[in-house]
Amino acid sequence: MYNKAFKYPDKAAYEFVIKALAAKGITYKEIAQITYKLQIKYVPELTIAECETEAQEVLHKRELLNNAMVALELDRLATEGQLKEPLQAIVANDAGVFGVDEGLALNMANIYGTIGVTNYGYVDKVKEGVIKKLDTDKSGVVNTFIDDLVGAIAAAVAAKIAHKYA
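What comes next concerns the included structure. (Residues numbered from 1 in each chain as written. Predicted model: local features only at pLDDT ≥ 70, side-chain atom pairs only at ≥ 80, totals over all residues. Heavy atoms only, no water.)

**Observations concerning the overall build of the chain**
Moving on, step 1. When helices and strands are counted, the chain shows 9 helices and 0 strands.
Moving on, step 2. Moving toward the C terminus, one meets the helices and strands of the chain in the order α-α-α-α-α-α-α-α-α.
Moving on, step 3. A compact globule built from 166 residues would reach a C-alpha radius of gyration of about 15 Å, and the chain, at 16 Å, matches this within 12%.
Moving on, step 4. When its C-alpha atoms are laid out on the principal axes, the chain stretches across 50 × 45 × 25 Å.
Moving on, step 5. Among the 166 residues that make up the chain, the fraction classed as buried is 40%.
Moving on, step 6. A fraction of 74% describes how many contacts in the chain between residues 6 or more apart in sequence connect residues 24 or more apart. (Helix = DSSP H or I, 4+ residues; strand = E, 2+ residues; numbered from the N terminus. Rg over C-alpha atoms; globule rule 2.2 N^0.38 Å. Buried < 20%, exposed > 50% of the residue type's maximum accessible area, 1.4 Å probe, protein only. Contact = heavy atoms within 4.5 Å.)

**Some points on the packing of aromatic side chains**
Moving on, step 1. Evaluated as defined, the whole model comprises 2 aromatic pairs.
Moving on, step 2. Arranged with centres 6.3 Å apart and planes meeting at 85°, the rings of Phe6 and Tyr8 form a pair that is edge-to-face.
Moving on, step 3. The class for Phe6 is exposed, based on a relative accessible area of 55%.
Moving on, step 4. On the basis of an interplanar angle of 85° and a centroid distance of 6.2 Å, the ring pair of Phe98 and Phe145 is categorised as edge-to-face. (Phe/Tyr/Trp six-rings, centres within 6.5 Å; stacked < 30°, edge-to-face > 60°.)

**What about the nonpolar core?**
Moving on, step 1. Counting residues in each nonpolar core, the largest one holds 47 residues, and the members touching the most others are Leu21, Ile31, Ile34, Leu149, Val150 and Ile153.
Moving on, step 2. Listed by contribution, the elements that provide at least two residues to this core are helix H1 (10-23), helix H2 (28-39), helix H3 (48-58), helix H4 (62-79), helix H6 (100-109), helix H7 (114-126), helix H8 (129-136) and helix H9 (146-165).
Moving on, step 3. Those residues in contact with Val150 that sit more than four places away from it in its chain are Leu21, Ile26, Ile31, Ile34, Val130, Ile131 and Leu134. (Core = buried A, V, L, I, M, F, W, Y, C linked by side-chain atoms within 4.5 Å.)

**So, the environment of Glu80**
Moving on, step 1. Turning to its location among the elements, Glu80 is positioned in the loop between H4 and helix H5 (87-92).
Moving on, step 2. Taking the C-alpha atoms as reference points, Glu80 and Ala92, 12 residues apart in sequence, are found 9.8 Å from one another.

**Description of the pattern of salt bridges**
Opposite charge on two side chains permits them to pair, given that their charged atoms come into close proximity.
Moving on, step 1. Counted by the stated rule, this structure contains 11 salt bridges.
Moving on, step 2. The partner of Glu54 in a salt bridge is Lys164, with the nearest N and O atoms 3.0 Å apart. Separated by 110 residues along the polypeptide, Glu54 in helix H3 and Lys164 in helix H9 bring together distant segments of the chain.
Moving on, step 3. Take Lys164: its relative accessible area is 49%, and that puts it in the partly exposed class. (Salt bridge = Lys/Arg side-chain N within 4 Å of Asp/Glu carboxyl O.)

**Focus on the packing of H2 against H9**
Moving on, step 1. Interhelical geometry of H2 versus H9 gives an angle of 50° and a closest axis separation of 8 Å. Between H2 and H9, the interaxial angle falls into the category oblique. Crossing geometry of H2 relative to H9 is assigned as right-handed. Taking contact as the criterion, the partners of Ile31, Ile34, Thr35, Leu38 and Gln39 in H2 are, on H9, Val150, Ile153, Ala154, Ala155, Val157, Ala158, Ile161 and Ala162. (Axes fitted to C-alpha atoms, helices over the stretch in contact; angles between N-to-C directions. Parallel < 35°, antiparallel > 145°, perpendicular 65-115°, else oblique. Left-handed = near helix turned anticlockwise from the far one by under 90°.)

**Things to note about H9**
Moving on, step 1. Between its terminal C-alpha atoms H9 stretches 29 Å, which fits the 28 Å expected from 20 residues at 1.5 Å a residue.
Moving on, step 2. Within H9, 17 of the 20 residues are buried, which leaves it mostly tucked inside the rest of the structure. (Expected span 1.5 Å × (residues − 1).)

**Some thoughts on H2**
Moving on, step 1. Compared with an ideal rise of 1.5 Å per residue, which puts 12 residues at 16 Å, H2 spans 16 Å between its outermost C-alpha atoms and is within 8% of the ideal.
Moving on, step 2. Within the span of H2, buried status applies to Ile31, Ala32, Ile34, Thr35, Leu38 and Gln39. When H2 is viewed along its axis, its buried side chains cluster within an angular range of 160° and face the same direction. (Arc of directions from axis to C-beta.)

So this is what it looks like as structure tokens:
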């Protein structure tokens, strides 16, 4: 049932995502590093500081936050063994044919258009830096969604920068 009185909790959603990312050791600075590597060859005057500012702005987008909250919660629930089978096994094992993690990531990367999608495809393929660390972490935590989430945010930031300098 639609509740007209409901006020969307933008600040709470942002804090939820930032806190969950921080718990995995991810800040906007790590995201900015990935973005910088994506864009420096196209925008030679780009600085890390600018990437950090743009990452902070993108992290406030409601559409991105919605997808990120779902992704982060699915990883948390899978880590705790809280999903029902067969979903638990699929997510816990990051099954290659699952694709929902990439689907959520594509929704986030597309916030700034198809350039975000192409950037995400590249980031998902090369898995550099913190993304590779998350993707290969075998410490008992599930990172099925977060590696794609971080790549998608970096790709969205890169697309935002590309539009700015176009």
